[in-house]
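The primary structure of each chain is shown beneath.
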Amino acid sequence: MTRHLISLKPLFPLAVAAVALAAGPSPAAPAWPDTPLGRTQALAVIETLNADLLASSSATTTLEVWCGEHHMASPARLTAERVRGADKPLTQAQRRLLQVGADEVVKYRRVRLACGGHVLSEADNWYVPGRLTDEMNRMLEASDTPFGRAVAALHPVRQTLSAEMLWSPLPEGWDLKVGQPTPMDGAGGALVIPDALFRHTALIYDDQRRPFSLVVETYTAEVLDWPR
């Protein structure tokens, strides 16, 4: 069942300041401590990025800002690493979302969106080439330009269909056990973080309110990987 995330953005400055004290295996990738405080800080950061993405019309722009603000690359510029040979046929339900007929061409593009060597998200993208310009289609076929940058001239608007948390640093029901012993107490060491943190599914519309893309974006643990 899809679970919508709750923004903890007011906690973010405190979280970042406190996490800066944690020791890590290397300057570029310090570990998040497996403690109640470390887990709470990691959750605050995840929720902050999630809220930023949900409030934005462009995941590309949001990730570039995130990359720059967290000093993950200079300049902070997102690239789309194509996964060649991948294909996922569109379902009938997805065709209805895109408002295309059974015979209308829909192309599939799978990319890893990276900044400074950090793969921040992996995206499945079905788009309608007939609703894009020739130059946009050329960029999507032949370059590492992220989708959001390639179609910027269409003034895209996102409609989020779902926002799903795939992992939480805090265990289920932690808020009902405040003051009681939990599996986190005294764990110490480094927090084990899975590859995928949360996922968004969205429809992208042009300025004429025509849907031209359906995206499924999975955000990775590398969004937490900055020099603190």
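Residues numbered from 1 in each chain as written. Predicted model: local features only at pLDDT ≥ 70, side-chain atom pairs only at ≥ 80, totals over all residues. Heavy atoms only, no water.

1. Thoughts on the confidence of the model for the chain
Condition: Per-residue confidence from the predictor is given as pLDDT, running between 0 and 100. Here, two residues are considered to be in contact whenever any of their heavy atoms come within 4.5 Å of each other.
For the chain, mean pLDDT is 86; residues scoring 70 or higher make up 82% of the total. This model gives residues 1-28 a pLDDT under 50, and the stretch forms 45 contacts once residues within four places in sequence are excluded.

2. Considering the packing of helix 2 (residues 36-54) against helix 3 (residues 59-69)
This is how it is decided: All axes here are fitted lines through C-alpha atoms, helices being fitted over the stretch that makes contact, and every angle between N-to-C directions spans 0 to 180 degrees. Only runs of H or I of at least four residues qualify as helices and only runs of E of at least two qualify as strands under DSSP, and these elements are numbered from the N terminus. Crossing handedness: left-handed means the near helix sits turned counterclockwise from the far one by under a right angle, and right-handed means the same turn made clockwise. Under the grouping applied here, Gly and all other residues not named as nonpolar or charged are polar, the nonpolar ones being Ala, Val, Leu, Ile, Met, Phe, Trp, Tyr, Cys and Pro and the charged ones Asp, Glu, Lys and Arg.
Packing of helix 2 against helix 3 leaves a shortest axis separation of 9 Å and a crossing angle of 145°. For the element pair helix 2 and helix 3, the recorded crossing hand is right-handed. On helix 3, the residues that touch Val45, Thr48, Leu49, Asp52 and Leu53 of helix 2 are Ala59, Thr62, Leu63 and Trp66. Classifying every residue of the contact of helix 2 with helix 3 by side-chain character gives 6 nonpolar, 2 polar and 1 charged.

3. Quick notes on the pairing of strand 2 (residues 107-115)
This is how the line gets drawn: Between any two strands, pairing holds if DSSP finds at least two bridges.
By the bridge criterion, 4 bridges tie strand 1 (residues 79-82) to strand 2 in an arrangement that is antiparallel. Counted as the bridge partner of Arg82 is Val111 from strand 2. With 9 bridges connecting them, strand 2 and strand 3 (residues 118-127) associate as antiparallel partners. Bridge pairing in strand 3 links Tyr108 to Trp126. Linking strand 2 back to strand 3 in an antiparallel pair, the connection comprises 2 residues, with Gly116 at a positive phi of about 60°.

4. Observations concerning the packing of aromatic side chains
Convention followed: Think of it this way: a Phe, Tyr or Trp ring, Trp meaning its six-membered ring, pairs with another when their centres are within 6.5 Å, and the plane angle makes it stacked under 30 degrees, edge-to-face over 60, tilted otherwise. A 1.4 Å probe rolled over the protein chains alone gives each residue an accessible area, and that area as a share of the maximum for its type sets the label: buried under 20%, exposed over 50%, partly exposed in between.
Scanning the entire structure with this criterion turns up 6 aromatic pairs. A centroid spacing of 5.8 Å and a plane angle of 80° characterise the contact between Trp32 and Trp226, whose relative ring orientation is edge-to-face. Here Trp226 lies in the segment after strand 6 (211-220) and Trp32 lies in the loop between helix 1 (12-19) and helix 2, a separation of 194 residues in the sequence. Just as Trp32 is buried, Trp226 falls in that class too. Through a chain of ring-to-ring contacts, three or more aromatic side chains come together here, namely Trp32, Trp66 and Trp226.

5. As for unusual backbone geometry
A cis amide bond links Ser74 with the next residue in sequence, Pro75, at an omega value of 0°. Structurally, Pro75 can be placed in the loop between helix 3 and strand 1. You will see that Gln99, though not glycine, has its phi angle at about 60°, which is positive. Tracing the backbone shows Gln99 in the loop between helix 4 (92-98) and strand 2. Phi is positive for Arg209, close to 65°, though the residue is something other than glycine.

6. Regarding the side chain of His200
Selection criterion: Polar contact criterion, stated in full: a pair of N or O atoms within 3.5 Å, where within protein one must be able to donate a hydrogen and the other to accept it, and residues adjacent in sequence count only if both atoms are side-chain atoms.
Relative to the helices and strands, His200 is located in strand 5 (residues 196-205). Within polar-contact distance, the side chain of His200 engages the side chain of Asn50 at 2.7 Å. Among residues more than four places away in sequence, those in contact with His200 are Asn50, Leu53, Leu54, Arg158, Ser162, Ala163, Val215, Val216, Glu217 and Tyr219.

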